Amino acid sequence: MSEARRREEIAPGDDLHPGDPVVIDRYTTDARVNHWLTAASLVLLALSGLALFHPSLYFLTALFGGGQLTRAIHPWLGVFLFVGYVGLFFRFWKVNLWTPTDGSWLAKLHEFLTGHEENMPEVGRYNFAQKTVFWFMGLFILVMIGTGLVIWDQYFGSWSTVEQKRIAVLIHSMCAIVMICIVIVHVYGALWARGTMTAMLKGRVTGGWAWRHHRKWLRELAADKADRGSTTPAE
Amino acid sequence: MFPPLPNPSTRPGPPRFGEQDLIRRSASEVTPPAVRQTAVAKLIDTSKCIGCKACQSACLEWNDLRDEVGVNTGVYENPHDLTPASLTLMRFSEWENPETLNLEWLIRKDGCMHCEDPGCLKACPAPGAIVQYSNGIVDFVHENCIGCGYCIKGCPFNIPRISKTDHTAYKCTLCSDRVAVGQGPACAKACPTQAIVFGTKDEMKQHAAGRIADLKSRGYDQAGLYDPPGVGGTHVMYVLHHADKPEIYSGLAKDPKISPLVDIWKGVSRWAGFAAVGAVAAISVVHSVVAGRSRVSRADEENAEQLVDRELAGRSVGPPRGSPGDGDGSREHAP
Ligand code: HEM
Ligand code: SF4
């Protein structure tokens, strides 16, 4: 049992390299490409959507080659984002499942926010906040594609009534705002915790980073390494 | 009978209204002109309409539009709905009057109502794609239109249609190009019974009052003018023999107004949205100033190295300093 328990936080491709410092592979090249394509489409979606959200932002249509093109490209970017997120979802849903630690972590949220991470319970590959971003992002992308298809006039104009479209566009714009807020928090978190960006840029983090932020994951990786012998990669 | 507009001179002259007469422009602020033009209006008298569709033909003709050849499904409407080419459409309904038990054939010329408070313009995100002139005409400016379909959501009468060819929105222009040179709309010109007349809004109301008095004298007690106040009145008005029941005329809205959903979407949601994004951004900045950045220390790296070394050396040593052990029970459930 302990064998299986120990590996719950490990995602395919994770590996630990002993040394000074300890180096850990956190994201494979595939995962990083998947992440950055999804991120790029999300940023472009936010910019092209905001261009139509308020007249003061209409100038953003210039980035996409004018109003007509902005209107035409935006929903296709949405489809791209959806496919990209489905990829990320199947990569990482398992390590984002709720665990009892998340409850005790949340209870000490103030310690986390004030920078006393040493007083927090040990967390696995993702902490509660990261998991929240993961699930809510997925949920909102579903809402966005659902409402987006309803207001995609070019192809689906005849699929719904005008009243349904009014409801859809209102939900779409409000959920877009929430998503943009989630993205801000997500990006801020990545910048705030030094050493996190290299995870998504180069795929690697140091042992110290893992010790500080994801100690349970580090323990599992080390134990896994020990079980497999220090030369064979995990999974 | 309302005297038809005389044919104006064919000598070229300046247009009677233009850019300088805009009172509203979509997604933009305009300074309204100091003097407003006299409000114009088209009056459609349903009691005089014989359903000949001359107006529909004249509209296609003047605007140089050709609709697709459709299919006959056994009803008089042709085409079956407004389209990007058919900017006006005769709608036919058969209604049994419960008081007289007469079958009444109600024919209504559908098309843009040229609202005083136009929902299409309110919803439009593209600067200058929809404009309203001080004479009341609401017009779509195709070079500024992006084809998003928001005007459809804004309109309380379900009028605008997006062309699959040029991806811009179309609707009746009230023949703004003809009115600008002193002509009446093409449909009014073509109507053989003068069921469609055009003039200033005051003239049209006066003319309607005469028609309504006439209808009432013939037993249509509820005859009246359709100039719905919910959208500030319209510059296309109807004389209805049953003004108390506009919905029997193929679903003419009883009390049309811009949907509250559109009001929220174009009003409070924008400010709430900007406020939310601003608040989250501000909180992030404040947090970074107050809490500083979270840095990985040399001690963290050493702790990690020790942990890894211990594991690789056979996991014989106890937990490292200041932290709960490996099996801390924080994840009890089976995998
Ligand atoms: C996931 C699939 C998505 C689809 C299919 C989609 C589709 C659409 C469509 C059809 C429109 C109307 C304008 C147009 O035709 O281009 C629109 C507007 C908009 N979209 Fe999306 N979209 C999606 C995702 C997103 C995302 C992820 C965001 C932002 C984070 C976003 C933000 C917006 C905004 C702000 C508007 C303008 C709403 C307004 O005018 O108030 N969309 N979207
Ligand atoms: S009827 Fe519809 S399209 Fe015409 S002015 Fe009113 S809101 Fe605009």
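For the structure itself, look to the data block above.
Residues numbered from 1 in each chain as written. Chains lettered and ligands numbered in written order. Predicted model: local features only at pLDDT ≥ 70, side-chain atom pairs only at ≥ 80, totals over all residues. Heavy atoms only, no water.

Visitor: Can you break down the site of ligand 2 residue by residue, with the values?
Guide: In the vicinity of ligand 2 lie 14 residues, with Cys-112, Met-113, Cys-115, Cys-120 and Cys-155 of chain B positioned nearest. For the shell around ligand 2, the residue count by class is 11 nonpolar, two polar and one charged. (Near = heavy atom within 4 Å. Nonpolar A, V, L, I, M, F, W, Y, C, P; charged D, E, K, R; others polar.)

Visitor: Pulling in residues and values, what's your account of the nonpolar core?
Guide: Core analysis: the largest hydrophobic core is formed by 45 residues, its most contacted members being Met-113, Ile-137, Phe-157, Tyr-226, Tyr-238 and Leu-252 of chain B. Of all the secondary structure elements, the ones that give two or more residues to this core are strand 2 (40–45), helix 1 (54–62), strand 3 (89–96), strand 4 (103–110), strand 5 (130–133), helix 5 (186–190), strand 9 (196–200) and strand 11 (236–240) of chain B. Considering every element that reaches this core, the biggest residue donor is strand 3 of chain B, with four residues. Sequence-distant contacts of Tyr-238 of chain B, defined by excluding residues within four places in its chain, comprise Leu-43, Ile-44, Thr-46, Arg-108, Lys-109, Asp-110, Met-113, Gly-224, Leu-225, Tyr-226 and Leu-252 of chain B. Judged by nonpolar contacts, the second largest core, of 39 residues, contains Ile-10, Ala-11, Leu-88 and Val-205 of chain A. (Core = buried A, V, L, I, M, F, W, Y, C linked by side-chain atoms within 4.5 Å. Buried < 20%, exposed > 50% of the residue type's maximum accessible area, 1.4 Å probe, protein only. Helix = DSSP H or I, 4+ residues; strand = E, 2+ residues; numbered from the N terminus. Contact = heavy atoms within 4.5 Å.)

Visitor: Break down the coordination of the iron atom of ligand 1 for me, with residues and values.
Guide: Residues and elements named next belong to chain A. Coordination sphere of the iron atom of ligand 1, protein contribution only: His-74 (NE2) and His-172 (NE2), at 2.0 Å. Classification of the site at the iron atom of ligand 1 rests on its six donor atoms, whose angles at the metal span 85 to 179 degrees, yielding the label octahedral. In this pair, His-74 is assigned in helix 3 (residues 67–92) and His-172 in helix 8 (residues 162–192), connecting sequence segments 98 residues apart. Across this residue pair, the class does not change: His-74 and His-172 are buried. (Donors = N, O, S within 2.8 Å, 3.2 Å for Na, K, Ca; no water. Tetrahedral: all angles 85-135°; square planar, octahedral: opposite > 155°, others 65-115°.)

Visitor: Lay out the packing of helix 6 (residues 128–150) of chain A against helix 8 of chain A in plain terms, naming residues and giving numbers.
Guide: Residue and element names in this part refer to chain A. The N-to-C vectors of helix 6 and helix 8 enclose an angle of 150 degrees; their axes lie 9 Å apart at closest approach. Judged by the inter-axis angle, helix 6 sits roughly antiparallel to helix 8. As helix 6 runs across helix 8, the sense of the crossing is left-handed. Every residue of helix 8 that contacts helix 6 at Val-133, Phe-136, Met-137, Phe-140, Ile-141, Val-143, Met-144, Thr-147, Gly-148 and Val-150 is listed here: Gln-164, Lys-165, Ala-168, Ile-171, His-172, Cys-175, Ala-176, Val-178, Met-179, Ile-182, Val-183 and His-186. Here the residues of the contact of helix 6 with helix 8 sort into 16 nonpolar, five polar and one charged. (Axes fitted to C-alpha atoms, helices over the stretch in contact; angles between N-to-C directions. Parallel < 35°, antiparallel > 145°, perpendicular 65-115°, else oblique. Left-handed = near helix turned anticlockwise from the far one by under 90°.)

Visitor: Explain helix 8 (residues 268–291) of chain B residue by residue, including any values.
Guide: Given a rise of 1.5 Å per residue, 24 residues ought to cover 34 Å, and the 33 Å separating the end C-alpha atoms of helix 8 of chain B matches this to within 8%. Of all the residues in helix 8 of chain B, the buried ones are Ser-269, Arg-270, Gly-273, Val-280, Ser-284 and His-287 of chain B. If you follow the buried residues of helix 8 of chain B, they end up packed against helix 2 (29–53), helix 5 (109–113) and helix 8 of chain A together with helix 7 (260–266) of chain B. Where helix 8 of chain B ends, the next residue or the one after it, Gly-292 of chain B, has phi of about 70 degrees, a positive value. (Expected span 1.5 Å × (residues − 1).)

Visitor: Any details on the interface of chain A and chain B? Residues and values, ideally.
Guide: Taken together, the contacts link 66 residues of chain A with 65 residues of chain B. Taking both partners together, chain A and chain B bury about 6000 Å²; carbon and sulfur atoms supply 61% of that area. At the boundary of chain A and chain B, one finds two salt bridges. For Asp-20 of chain A, the salt bridge identified is with Arg-298 of chain B, shortest N-O distance 3.0 Å. (Buried area = accessible area lost by both parts, 1.4 Å probe. Salt bridge = Lys/Arg side-chain N within 4 Å of Asp/Glu carboxyl O.)

Visitor: Which residues make up the environment of His-242 of chain B, and what are the values?
Guide: Residues and elements named next belong to chain B. Within the element layout of this structure, His-242 appears in the loop between strand 11 and helix 7. Between the alpha carbons of His-242 and Leu-225 there is a distance of 9.5 Å; along the sequence they are 17 residues apart. With residues up to four places along the chain from it excluded, the contact list for His-242 reads Trp-95, Asn-97, Glu-104, Leu-106, Tyr-220, Gln-222, Ile-248 and Tyr-249. Side-chain polar atoms of His-242 contact the side chain of Glu-104, separated by 2.6 Å. (Polar contact = N/O pair within 3.5 Å; in protein donor to acceptor, adjacent residues only side chain to side chain.)

Visitor: Now, about the site of ligand 1: what can you tell me, with residues and values included?
Guide: Around ligand 1, the structure places 23 residues, and the nearest of them are Arg-71, His-74 and His-172 of chain A together with Tyr-150 and Trp-265 of chain B. Contacts to ligand 1 include Arg-71 of chain A, whose backbone N or O atom sits 2.7 Å from an oxygen atom. His-172 of chain A is positioned such that a nitrogen or oxygen atom in its side chain is 2.7 Å from a nitrogen atom of ligand 1. For the shell around ligand 1, the secondary structure elements donating two or more residues are helix 2, helix 3, helix 6 and helix 8 of chain A. For the shell around ligand 1, the element with the most residues is helix 2 of chain A, which contributes seven residues. A class-by-class count of the residues in the shell around ligand 1 yields 16 nonpolar, six polar and one charged.

Visitor: Break down the pattern of salt bridges for me, citing the residues and quoting the values.
Guide: Pairing is possible between side chains of opposite charge, provided their charged atoms come close. Here the structure, examined in full by the defined rule, presents 25 salt bridges over all chains. Between Asp-102 of chain A and Lys-131 of chain A there is a salt bridge; the shortest N-O distance is 2.8 Å. With Asp-102 of chain A in helix 4 (residues 100–107) and Lys-131 of chain A in helix 6, this pair connects stretches of sequence that are 29 residues apart. Both residues of the pair, Asp-102 of chain A and Lys-131 of chain A, belong to the buried class. Because the salt bridges share partners, they merge into one network encompassing Asp-81, Arg-91, Arg-108, Asp-110 and Arg-161 of chain B.

Visitor: Pulling in residues and values, what's your account of the packing of aromatic side chains?
Guide: All names here are of chain B. Tallied over the entire structure, the rule returns 26 aromatic pairs over all chains. Relative to Trp-105, the ring of Tyr-76 has its centre 4.9 Å away and its plane inclined at 65 degrees; by these criteria the two rings are edge-to-face. Highlighted residues: Tyr-76 in the loop between helix 1 and strand 3 and Trp-105 in strand 4, separated in sequence by 29 residues. The partly exposed category is assigned to Tyr-76, whose relative accessible area is 49%. (Phe/Tyr/Trp six-rings, centres within 6.5 Å; stacked < 30°, edge-to-face > 60°.)

Visitor: Hey, could you go over the pairing of strand 2 of chain B for me, with residue numbers and the actual values?
Guide: Residue and element names in this part refer to chain B. Here strand 2 lies mainly inside the structure; six of its six residues are buried. For strand 2 and strand 9, the ladder comprises five bridges, and the chain directions are antiparallel. Residue pairing for strand 9: Lys-42 is matched across the bridge by Phe-198. (Pairing = 2+ DSSP bridges.)

Visitor: Run through the environment of Asp-224 of chain A, naming residues and quoting values.
Guide: Tracing the backbone shows Asp-224 of chain A in helix 11 (residues 215–228). For Asp-224 of chain A and Ala-31 of chain A, which are 193 residues apart along the polypeptide, the C-alpha to C-alpha distance reads 21 Å.

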